[in-house]
4 protein chains.
Amino acid sequence: MIIVNFKTYREATGSNAVRLAEICEQVAKKTGAGITVAAQAADVRSVADFVSIPVFAQHIDAVDYGAHTGATLAEALHEAGASGSLINHSEQRLELRQVDACVKKLKSLGMTSVACAANDEEGMNIARFGPDYIAVEPPELIGGAVSVSTAKPELISNSVKKIRCNVLVGAGIKNGNDVAIAKKLGARGILVASGIVKAASPERALTELAEAMK
Amino acid sequence: MIIVNFKTYREATGSNAVRLAEICEQVAKKTGAGITVAAQAADVRSVADFVSIPVFAQHIDAVDYGAHTGATLAEALHEAGASGSLINHSEQRLELRQVDACVKKLKSLGMTSVACAANDEEGMNIARFGPDYIAVEPPELIGGAVSVSTAKPELISNSVKKIRCNVLVGAGIKNGNDVAIAKKLGARGILVASGIVKAASPERALTELAEAMK
Amino acid sequence: MIIVNFKTYREATGSNAVRLAEICEQVAKKTGAGITVAAQAADVRSVADFVSIPVFAQHIDAVDYGAHTGATLAEALHEAGASGSLINHSEQRLELRQVDACVKKLKSLGMTSVACAANDEEGMNIARFGPDYIAVEPPELIGGAVSVSTAKPELISNSVKKIRCNVLVGAGIKNGNDVAIAKKLGARGILVASGIVKAASPERALTELAEAMK
Amino acid sequence: MIIVNFKTYREATGSNAVRLAEICEQVAKKTGAGITVAAQAADVRSVADFVSIPVFAQHIDAVDYGAHTGATLAEALHEAGASGSLINHSEQRLELRQVDACVKKLKSLGMTSVACAANDEEGMNIARFGPDYIAVEPPELIGGAVSVSTAKPELISNSVKKIRCNVLVGAGIKNGNDVAIAKKLGARGILVASGIVKAASPERALTELAEAMK
């Protein structure tokens, strides 16, 4: 499973989001890899409208229907076409009890939950809530130029061992070799963003990762 | 100007949001009043797609294009069809410097800014940033059953005097009489939510306010 | 299988189409019956966007990508979200060779084909093209007030016998009793329009038919 | 006025239609020229959703709300976002009385009517119905490689003289020079299709025509 996080990049906003999602869909068809895009709330409906691969939200708030002006409501995203959501991304942290509530909420809506964890300890805490996936972002690898494969592959194997959940690798994936190592060490997939969204050729960059995932 | 804040009410989410916005549009046409709806980010595109009255966002984050997973980006909402946004609603508070940044951002996008203020002092502080409107929510009136007209009309006249900006009354509006008094005391409009969204007949409730606004 | 043909009725155009499709979806969920809506080309995308029951087109032209101004292109409807189409409806007749081409086209796109036939003879001719369904409209029953059940049930059994294809009954269905008889005589479903679209309560009218279909 | 007729070209269907319309919008902004796109019925809503330049339908049927399965209803296209329509295109001929009805229908909906005419005589007949524009397609120039400017510029000046209506040139426009001549001879605009839609660079091709139109 490859999740392409569109964040709020210009290259992945509005009609650009539709376009990029279509590229992701083509790569998914071509390679047979499972590819999911995580779009902004404002874009979920049109992206889900134009592609048939899964579309996730990037975040939900731990609220229900009611008086919550400006909140990001899972029910609204679900109706707009999202089949899952990231939660607790390092750029959108929640409290642990909110992560719990969000996992439950997504489950009740039949949506896939991908909870992010800053490290193995947080990952183990979150695993108790039973999300579908936990994406671990080894702090040593976030935003840097270092590949997980050339840095510390044991970061992944440790996470996989400690966290009793399907683990996604959420940082340090730069190329197909990183994917291959992550997979070999037990990861069930990866979470990528700028490496695809801001690539000179998103199609080529994603194809490399998708081929390595097979 | 009447802004109907859809919040995350079930009656104003997804296709219900489209339906309610169409009712608001009909009342606008019938009465000639200026009516705007503030929809959830996930619903802005479809609501804007089906009605021709202005559609606002309920909130924007003080961020630009970039790595901001789960953030509510004004540019995305604008492209989705929003022509303005609430900011700093009591259910989605921002820091003062963020309010400043959001007002500037909306202005640069040609969008209308409606900044909420908890009281006159905050309103005066925010007025310096030059938003198009400031919606004051007299704390004595929030969420209660008390009408501004039967309670303290001077709350409105004080706000209008002190805040050098177009003032909207954001709490305590229960009926046409409240609207008439608010208008008489210098308010340029009102911000309503459950009074319309959860009314037995939103059409009748909104028509009463719209008629009083003329 | 119940197909609700929206035609170009005002009650089933634009946002009304979305609303009616949602009612059909609710009846489908409530009764467990298979219900499909056939929307205008201009409405297919938004209807398919808001409901998860199958959405069909009402017509396709026997053309491919190219210079065909104003034509109704199956590929465009498919991309917009249609999973099937009526063809050769009595209000939109095609030549036999065009019916053949349209059946082939729909098949190649993975879309369901429902070819209409004015009588058993035309039905037998069309059956050779291998559509998924043939909807027979007994001429005696079109647009009249007569129920197929009180008129000539043998019209249905004859069609079912003669036409080697899944037969839908496309006229004379007024109530649950008609459905029950059609089903008993071998029909695989029905094609209805004004009886649902223009009913005082489409939900009640469709529920009656859906219950009888079980 | 430049109308880009998307026809049913693959390059102008579905998400490609949105993309191409965005390119047209960019050229309109860059050059200041008035550019309109004519999209398939199934695509009008999403194209109108993503661009702010006028979106036209390619055809309407001379029908009203009612039992017209598969018909192209102006009201539905209007609600989907079309602000005008081509009628009587050479690939979608109507009878004269239908052209009359369609012009009236578009007028009543506040939509712009562009009636096509095969020659000056038909143009003069249609002019009596009072459409906003008449697009003349000199039969000598349709689909060929010949430029109107190098062929018979007098075809245009004759049409402009004879037809008492705003005339658009609908065939034989290959380059900026053709546009300049058409404009000089009194045409109010042009109707183009494959020259833009199937160009190696639609942006460059359209920019050339738009610059010449100024």
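These notes cover the structure that comes with them. As the structure is a prediction and not an experimental result, all values here were calculated from the model. (Residues numbered from 1 in each chain as written. Chains lettered and ligands numbered in written order. Predicted model: local features only at pLDDT ≥ 70, side-chain atom pairs only at ≥ 80, totals over all residues. Heavy atoms only, no water.)

Turning our eyes to something else, we now look at the pairing of strand β2 (residues 35-39) of chain B. Residues and elements named next belong to chain B. Taking burial as the measure, the five residues of β2 include five buried ones, the bulk of the element. Where burial is concerned, the two faces of β2 agree: the one with Ile35, Val37 and Ala39 and the one with Thr36 and Ala38 are both buried. With four bridges connecting them, strand β1 (residues 2-5) and β2 associate as parallel partners. Bridge pairing in β2 links valine 4 to valine 37. Both β2 and strand β3 (residues 55-57) contribute to a ladder of three bridges, which runs parallel. The partner of valine 37 across the bridge, within β3, is valine 55. (Buried < 20%, exposed > 50% of the residue type's maximum accessible area, 1.4 Å probe, protein only. Helix = DSSP H or I, 4+ residues; strand = E, 2+ residues; numbered from the N terminus. Pairing = 2+ DSSP bridges.)

This next bit is on the interface of chain C and chain A. On the side of chain A, five residues touch chain C, which itself brings five residues to the contact. When chain C packs against chain A, close to 500 Å² is buried across both sides, 33% of that on carbon and sulfur atoms. Considering only the side of chain C, the residues that lose the most area to chain A are Arg45, Asp49 and Phe50 of chain C, jointly responsible for 79% of the buried surface there. The tally of links from chain C across to chain A stands at two salt bridges. When the shortest N-O distance is used, the salt bridge between arginine 45 of chain A and aspartate 49 of chain C registers 3.5 Å. The interface formed by chain C and chain A holds two residue pairs in polar contact (both at pLDDT 80 or more) in total. When residues of the side of chain C that touches chain A are assigned to their parent elements, the largest contribution, three residues, is made by helix α2 (residues 41-50) of chain C. (Contact = heavy atoms within 4.5 Å. Buried area = accessible area lost by both parts, 1.4 Å probe. Salt bridge = Lys/Arg side-chain N within 4 Å of Asp/Glu carboxyl O. Polar contact = N/O pair within 3.5 Å; in protein donor to acceptor, adjacent residues only side chain to side chain.)

Here the focus is the state of the cysteines. As enumerated under the stated definition, the model contains zero disulfides over all chains in all. Between cysteine 165 of chain C, a free cysteine, and cysteine 116 of chain C, which holds the nearest cysteine sulfur, the sulfur-to-sulfur gap is 12 Å. Not engaged in a disulfide, the cysteine cysteine 24 of chain D finds its nearest cysteine sulfur in cysteine 116 of chain D; these two sulfurs lie 17 Å apart. A relative accessible area of 0% places cysteine 24 of chain D in the buried class. (Disulfide = S-S within 2.5 Å.)

Taken as rigid bodies, chain C and chain A are interconverted by a rotation of 180 degrees and an axial shift of 0.0 Å, the fit giving an RMSD of 0.0 Å. Viewed as a symmetry operation, the transformation between the two copies matches a two-fold axis. Among all C-alpha atoms of chain C, that of aspartate 49 of chain C lies closest to the rotation axis, at 3.2 Å. Taken as a fraction of all interface residues of chain C, those also at the interface in chain A reach 100%, which identifies the copy contact as same-surface. (Least-squares fit on C-alpha atoms with pLDDT ≥ 70 in both.)

All names here are of chain B. Take valine 99: it is sitting in helix α4 (residues 96-108). A relative accessible area of 1% means that valine 99 is categorised as buried. Taking the C-alpha atoms as reference points, valine 99 and cysteine 116, separated by 17 residues in sequence, lie 9.5 Å from one another. Residues contacting valine 99, with those up to four places away along its chain left out, are Ile87, Asn88, Leu94, Ala115, Ile126 and Phe129.

This part is about the relation of the copies chain B and chain A. For these two chains of identical sequence, chain B goes onto chain A by a turn of 180 degrees and a shift of 0.0 Å along the axis, with RMSD 0.0 Å. Most of the interface of chain B is mirrored in chain A: 100% of its interface residues are interface residues there too.

It is worth spelling out the pattern of salt bridges at this point. Oppositely charged side chains can form a pair if their charged atoms are brought close together. Under the criterion given, the structure shown has 45 salt bridges over all chains. The partner of glutamate 91 of chain B in a salt bridge is lysine 7 of chain B, and the shortest N-O contact between them spans 2.8 Å. Taken together, the residues glutamate 91 of chain B in the loop between β4 (84-87) and α4 and lysine 7 of chain B in the loop between β1 and α1 (15-31) connect sequence positions 84 residues apart. You can call glutamate 91 of chain B partly exposed: its relative accessible area is 29%. Take lysine 7 of chain B: its relative accessible area is 10%, and that puts it in the buried class. In this structure, lysine 198 of chain D engages glutamate 11 of chain D in a salt bridge whose closest nitrogen and oxygen atoms are separated by 3.2 Å. With a gap of 187 residues between them, lysine 198 of chain D in the loop between α8 (194-197) and α9 (202-213) and glutamate 11 of chain D in the loop between β1 (2-5) and α1 (15-31) connect regions that are remote in the sequence. Using a relative accessible area of 46% as the deciding quantity, one classes lysine 198 of chain D as partly exposed.

All names here are of chain C. Reading around the barrel, the eight strands line up as β1-β2-β3-β4-β5-β6-β7-β8 and close back on themselves, with parallel pairing between neighbours. The average undirected angle you get between the axes of adjacent strands in this sheet is 30 degrees. As paired strands, strand β1 (residues 2-5) and strand β8 (residues 189-192) are joined by three bridges and run parallel to one another. Residue valine 4 lies in a different strand from β8, and its bridge partner there is valine 192. Across the sheet, helix α5 (residues 120-127) lies against β5 (112-117) and β6 (133-136), angled at about 150 degrees from β5, the strand it touches most. (Axes fitted to C-alpha atoms, helices over the stretch in contact; angles between N-to-C directions.)

Moving on to the sheet that holds strand β8 (residues 189-192) of chain D. Residue and element names in this part refer to chain D. Strands sit in the order β1-β2-β3-β4-β5-β6-β7-β8 around a closed barrel of eight strands; the barrel is parallel. Pairwise comparison of adjacent strand axes, ignoring direction, gives a mean angle of 30 degrees for this sheet. Bridge count for strand β4 (residues 84-87) against strand β5 (residues 112-117) is four bridges, and the pairing is parallel. Residue pairing across strands places isoleucine 87 opposite alanine 115, the latter belonging to β5.

A separate point is the nonpolar core. Of all hydrophobic cores here, the largest spans 280 residues; its most connected members are Val4 of chain A together with Val4 of chain D. If we ignore the near neighbours within four places in the chain, the residues touching valine 4 of chain D are Cys24, Ile35, Thr36, Val37, Ala38, Val192, Ile196, Val197 and Leu206 of chain D. (Core = buried A, V, L, I, M, F, W, Y, C linked by side-chain atoms within 4.5 Å.)

In this fold, threonine 31 of chain B is placed in helix α1. Look past the residues within four positions of threonine 31 of chain B in its chain and what remains in contact with it is Thr207, Ala210, Glu211 and Lys214 of chain B.

If you look at the interface, chain B gives 33 residues, while chain A gives 33 residues. Together, the buried faces of chain B and chain A total about 2700 Å²; carbon and sulfur atoms form 53% of this surface. Across the contact surface, chain B and chain A share zero salt bridges. Across the contact surface, chain B and chain A share 22 residue pairs in polar contact (both at pLDDT 80 or more). Sorting the residues of the side of chain B that touches chain A by element identifies α2 (41-50) and α3 (74-80) of chain B as the ones contributing at least two each.

Before going further, it helps to examine the packing of aromatic side chains. According to the stated counting rule, one finds zero aromatic pairs over all chains in the structure shown. The ring of phenylalanine 50 of chain D is capped by arginine 45 of chain B, whose NZ or CZ atom sits 4.2 Å from the centre of that ring. (Phe/Tyr/Trp six-rings, centres within 6.5 Å; stacked < 30°, edge-to-face > 60°. Lys NZ or Arg CZ within 6 Å of the ring centre and 35° of its normal.)

This next bit is on the packing of helix α1 (residues 15-31) of chain A against helix α9 (residues 202-213) of chain A. Residues and elements named next belong to chain A. It is the contact of α1 with α9, at a shortest axis distance of 10 Å, that shows an interaxial angle of 35 degrees. As for the relative orientation of α1 and α9, their crossing is right-handed in sense. Across the interface between the two elements, Leu20, Ile23, Cys24, Val27, Lys30 and Thr31 from α1 touch Pro202, Glu203, Leu206, Thr207, Ala210 and Glu211 from α9. When its residues are assigned to classes, the contact of α1 with α9 shows seven nonpolar, two polar and three charged. (Left-handed = near helix turned anticlockwise from the far one by under 90°. Nonpolar A, V, L, I, M, F, W, Y, C, P; charged D, E, K, R; others polar.)

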